[in-house]
Amino acid sequence: MKNLFLILSGLMIFTACERQTTDTLKSDADMQADLVQLDGCQRGGLEKTAGQDSCFTWTFDDVLTTDFCVEANCCPDSGRFVLDYRIDGSLIHVAVTDTAGNLCRCNCPYLIHTEFADLTKDTYLFEVEYNGSRLYSENISR
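Quick caveat, the model's predicted, so the values are computed rather than measured.

When you look at the nonpolar core in this model, what are you seeing that I'm missing?
Nonpolar side chains tend toward joint burial in soluble globular proteins. If you look at the biggest cluster of nonpolar residues, it comprises 27 residues, and the most contacted ones within it are Phe68, Val94, Phe116 and Phe126. Of all the secondary structure elements, the ones that give two or more residues to this core are strand E2 (56–60), strand E3 (63–73), strand E5 (91–98), strand E6 (107–117), strand E7 (123–130) and strand E8 (133–141). Aside from chain neighbours lying at most four places away, what touches Val94 is Leu35, Phe68, Asp84, Tyr85, Phe116, Phe126, Glu127, Val128 and Glu129.

Any chance you could explain the confidence of the model for the chain here in plain terms?
Low pLDDT means the predicted atomic positions in that stretch should not be read closely. Scored by pLDDT, the chain comes out at a mean of 79, with 71% of its residues at no less than 70. Helix H1 (residues 2–24) is the least confidently modelled element of the chain, averaging 41 in pLDDT, while E7 averages 97, the highest of any element. Ignoring residues within four places in sequence, the model shows residues 4–26, a span with pLDDT below 50, making three contacts including any to other chains. Contacts of residues 45–52 to residues separated by more than four positions or lying in other chains number 13 contacts, the stretch itself having pLDDT below 50.

What is the right way to read the state of the cysteines from this model?
Two cysteines joined by a covalent bond between their sulfur atoms form a disulfide. Enumeration according to the criterion identifies four disulfides in this entry. In this model Cys55 forms its disulfide with Cys69; the gap between the sulfur atoms is 2.1 Å. A torsion of 40 degrees about the S-S bond marks the disulfide between Cys55 and Cys69 as right-handed. Of this pair, Cys55 sits in the loop between strand E1 (32–37) and E2 while Cys69 sits in strand E3, and the two are 14 residues apart along the sequence. The same class applies to Cys55 as to Cys69, namely buried. By sequence order of its bonded cysteines, the chain has the disulfide arrangement 1-8, 2-3, 4-7, 5-6.

Could you clarify how one ought to interpret the sheet that holds E5 in this entry?
By definition, the strands of a sheet pair up through backbone hydrogen bonds, in either a parallel or an antiparallel sense. Spatial ordering of the open sheet is given by E4-E5-E7-E8, a layout of four strands whose pairing is mixed. The two strands at the open ends of the sheet, each matched to only one other strand, are strand E4 (81–88) and E8. Within this sheet the neighbouring strands show an average axis-to-axis angle of 15 degrees, counted without direction. Taken together, the six bridges between E5 and E7 define a ladder with parallel strand orientation. Residue pairing in the sheet places Leu91 in a bridge with Leu125 of E7.

It is not clear to me how the pairing of E3 should be interpreted in this structure. Could you clarify?
Successive side chains on a regular strand alternate, one facing one side of the sheet and the next facing the other. The element E3 is largely enclosed, with a buried count of eight among its 11 residues. Judged from the five bridges that link them, E2 and E3 form a sheet pairing that is antiparallel. Pairing of Phe56 across the sheet is with Phe68, part of E3. Hairpin connection, E2 to E3: the antiparallel pair is bridged by two residues. When E3 meets E6, the two strands line up antiparallel, connected through 11 bridges. Counted as the bridge partner of Glu71 is Pro109 from E6.

Can you help me understand the pattern of salt bridges in this one?
Pairs can form between side chains of opposite charge once their charged atoms are near each other. Across all of its chains, the model carries three salt bridges by this definition. As a salt-bridge pair, Arg80 and Asp98 come within 3.1 Å of each other at their nearest N and O atoms. Note that Arg80 is positioned in the loop between E3 and E4 and Asp98 in strand E5, a separation of 18 residues in sequence. Residue Arg80 shares its accessibility class with Asp98, and that shared class is buried.

Rules used throughout
- Residues numbered from 1 in each chain as written.
- Predicted model: local features only at pLDDT ≥ 70, side-chain atom pairs only at ≥ 80, totals over all residues.
- Heavy atoms only, no water.
- Core = buried A, V, L, I, M, F, W, Y, C linked by side-chain atoms within 4.5 Å.
- Buried < 20%, exposed > 50% of the residue type's maximum accessible area, 1.4 Å probe, protein only.
- Helix = DSSP H or I, 4+ residues; strand = E, 2+ residues; numbered from the N terminus.
- Contact = heavy atoms within 4.5 Å.
- pLDDT = per-residue confidence, 0-100.
- Disulfide = S-S within 2.5 Å.
- Pairing = 2+ DSSP bridges.
- Axes fitted to C-alpha atoms, helices over the stretch in contact; angles between N-to-C directions.
- Salt bridge = Lys/Arg side-chain N within 4 Å of Asp/Glu carboxyl O.

Structure, rendered in structure tokens:
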């Protein structure tokens, strides 16, 4: 009886230690992401910061925040895009797909805002694909 008590006690301690170790390990699979299209055409308020013909800004402290432009037809001016992402090692890949019809004779820059929380690495390559073509590829560090 005494041996059974010792065995059960040892198993409970071992299980508790193993659970604590597992819970403290974080991976990028645990992170939270939010990707949104800001409504309306963004003509006139966007600064070009990442390159000559680029509209890409970012900050990376506790949360990685990016804002970038995609060019699309003016109508409709909201709810045009399907936004998706994947993280593969040090790569964050964002896919933007225009799903709305071209209802007007004009194009417009739209702003996409992303937030990634609980990332584990300090440096990432951030790529944006728009309708199947690479639009941005930026190295980002804390």
